[in-house]
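Breakdown of the fold
Here is what each chain is made of, one letter per residue.
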Amino acid sequence: MTEISPPDGTRLRLARQARGLSQQQLAGVAGVTRQAVSAVESGHSDPSLRVALGLARALGMTVEELFGPGDLGDPVLARPVAPVSSPGSRVALATVGDAFVALPLDTDLAARLGFSAAGGLMVRGGEHQIAVRPIGPPRPTVVVAGCDPALPLLETPLALLDPPLAFAWWPCTSGEALRLAAAGLVHAAGVHRVGPGEVHDGAGIPGGAEAVGFASWREGLVVRPGAQVRGLDDVARQGLRLVNREPGAQARTLLDRERLRLGLEPSQLPGYDSLAAGHLQVAAAIVGGLADAGVSSEPAALAYGLDFIPLAEERFDLLLPSKHAASREVQGLLKVLTSPWLLAQLASLPGYDASRCGERPA
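Just so it is clear, the model here is predicted, and its values are computed rather than measured.

As a further point, take empty space enclosed by the protein. Counted by the stated rule, this structure contains one cavity of 30 Å³ or more. Counted as a void, the largest cavity has a volume near 40 Å³. Gly213, Phe214, Ala215, Ser216, Arg315, Phe316, Asp317, Asp353, Arg356 and Cys357 are the residues that line the largest cavity. Mapped by element, the contributors of at least two residues to the lining of the largest cavity are strand S9 (209–223) and strand S12 (307–321). Of the residues forming the lining of the largest cavity, the biggest block, four residues, is contributed by S9. Across the lining of the largest cavity, the residue classes tally to four nonpolar, two polar and four charged.

Printed below as a string of structure tokens:
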């Protein structure tokens, strides 16, 4: 049986505040009275087992984590979505299902996103699990993996929910996002869908998954202005330098499809072996003079003032693993996908079509 600590209430108060909840909001979610929450936080009352269980469930914690012995900062075991470099490394910390998940915040991710708030510091590494010392109580967090640079727009409407949800984004290819979903490390995986007949059925994800629309755009060849390029054959003929995406990226698949259609070998495309980690990174490499052309999205080309030659119409969907469908995080995500604020923000991005955001594809 879990040992209940002396009723100083500090851990409960910090956990509630970290999630942006008032005492009344927490009481409503937990199914207890506001007076009960206040009494426990102030140290005037020792929680009954029913109250302790209700509060712990509402906060996404165990009774032992919330009221048991030990310091709030005791390390927890978490499953990393990618290797964490060394002890002391900063990570975002979230719960997906019954497990903690850690998202590294160093190296390339920091370069792409800037310094984000950390949920904890790694104190001990491991192949499948790492020990993380939390920086404050973990917050209920929607974890999404995928390559669309518009995904961070989800953070604002999620934070406005009652009670609020935090947001964590892991930028990666569609193939990597699917792997993370299959491993149970994310609430949603962002994947490309090319053509109206292609539907994601969640194959490979235990228990299956549901696809929900997010945005549509055109993908194609992005080139520096004035390059006199009408297609990939012109890139090869002029000896222009290419910037490519990593294996598993839809843009790389599209490039190879066009290359094979034209009968071009990788050796005929200088820079074919280069790697850029996202749509915007491809455009930035061209603007920075590191390359002359690459395959990326039209919104990325427009954002950087580059010329664009369309190759395909694409839809970007979110795959939601069925085993997390009833979770507070997934239900909150589904709610904000149809929020007027998010739809307006997506529609304001040149090249984006948000008309199917929140739609279940047929």
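What follows covers the sheet that holds strand S1 (residues 76–80). Adjacent strands of a sheet form backbone hydrogen bonds with each other and so pair up, either parallel or antiparallel. Here five strands make up a closed barrel; going around it, the order is S1-S3-S2-S4-S5 and the pairing mixed. Between one strand axis and the next, the sheet turns through 55° on average, direction left out of account. Where strand S4 (residues 120–124) and strand S5 (residues 130–134) come together, four bridges link them in antiparallel fashion. When the bridges of S5 are listed, Leu121 appears paired with Arg133.

Before going further, it helps to spend a moment on the environment of Ala39. You can see Ala39 is positioned in helix H3 (residues 34–41). Residues Ala39 and Gly9, spaced 30 residues apart in sequence, show a C-alpha to C-alpha distance of 8.4 Å. Filtering out sequence-adjacent residues up to four positions away, Ala39 remains in contact with His44 and Ser45.

Here the focus is the packing of helix H2 (residues 23–30) against helix H4 (residues 49–59). As a packed pair, H2 and H4 sit with axes 8 Å apart at the nearest point and diverge in direction by 105°. By the angle between their directions, the pair H2 and H4 is classed as roughly perpendicular. Listed contacts from H4 to Leu26, Val29 and Ala30 of H2 are Gly54, Leu55, Ala58 and Leu59. Of the residues in the contact of H2 with H4, the class split is six nonpolar, one polar and no charged.

Another aspect to go through is the packing of H2 against H3. Between H2 and H3, whose axes approach to 8 Å, the crossing angle comes to 115°. The angle between H2 and H3 falls in the class roughly perpendicular. As for how H2 packs across H3, the hand of that crossing is right-handed. Judged by residue contacts, Gln23, Gln24, Leu26 and Ala27 of H2 engage Arg34, Val37, Ser38 and Glu41 from H3. For the contact of H2 with H3, the per-class residue count stands at three nonpolar, three polar and two charged.

Moving on to the pairing of strand S11 (residues 293–297). Buried residues dominate S11, accounting for five of its five residues. Sheet topology note: the S9/S11 ladder contains five bridges and is antiparallel. The partner of Gly220 across the bridge, within S11, is Ser296. The pairing of strand S10 (residues 242–243) with S11 spans two bridges and is parallel. The residue bridging Leu242 from the neighbouring strand is Ala293, located in S11.

Moving on, we come to unusual backbone geometry. Outside of glycine, negative phi angles account for most residues, and trans bonds account for most peptide bonds. Omega for the bond connecting Asp162 with Pro163 falls within 30 degrees of zero, at 0°, which places this linkage in the cis form. Within the element layout of this structure, Pro163 appears in the loop between helix H7 (155–159) and strand S7 (166–171). For Gln228, which is not a glycine, the phi torsion comes out positive at approximately 55°.

Right, let's talk about the packing of aromatic side chains for a bit. Taken as a whole and assessed by the stated rule, the structure comprises three aromatic pairs. Pairing Trp217 with Phe316 gives two aromatic rings, centres 5.7 Å apart and planes at 25°, and the pair type is stacked. Pair noted here: Trp217 is in strand S9 and Phe316 is in strand S12, with a separation of 99 residues, a long-range link. According to the relative accessible area criterion, Trp217 is buried, its value standing at 3%. The structure contains a cluster of three or more aromatic residues connected by ring pairs, namely Phe214, Trp217, Phe316 and Tyr352.

Cut-off values and rules
Residues numbered from 1 in each chain as written. Predicted model: local features only at pLDDT ≥ 70, side-chain atom pairs only at ≥ 80, totals over all residues. Heavy atoms only, no water. 1 Å grid on protein atoms, 1.4 Å probe; cavity = no way out; pocket = protein on both sides within 12 Å on 5 of 7 lines; lining within 4 Å. Points joined across faces, edges and corners; volume = space filled by probe spheres on them. Helix = DSSP H or I, 4+ residues; strand = E, 2+ residues; numbered from the N terminus. Nonpolar A, V, L, I, M, F, W, Y, C, P; charged D, E, K, R; others polar. Pairing = 2+ DSSP bridges. Axes fitted to C-alpha atoms, helices over the stretch in contact; angles between N-to-C directions. Contact = heavy atoms within 4.5 Å. Parallel < 35°, antiparallel > 145°, perpendicular 65-115°, else oblique. Left-handed = near helix turned anticlockwise from the far one by under 90°. Buried < 20%, exposed > 50% of the residue type's maximum accessible area, 1.4 Å probe, protein only. Phe/Tyr/Trp six-rings, centres within 6.5 Å; stacked < 30°, edge-to-face > 60°.

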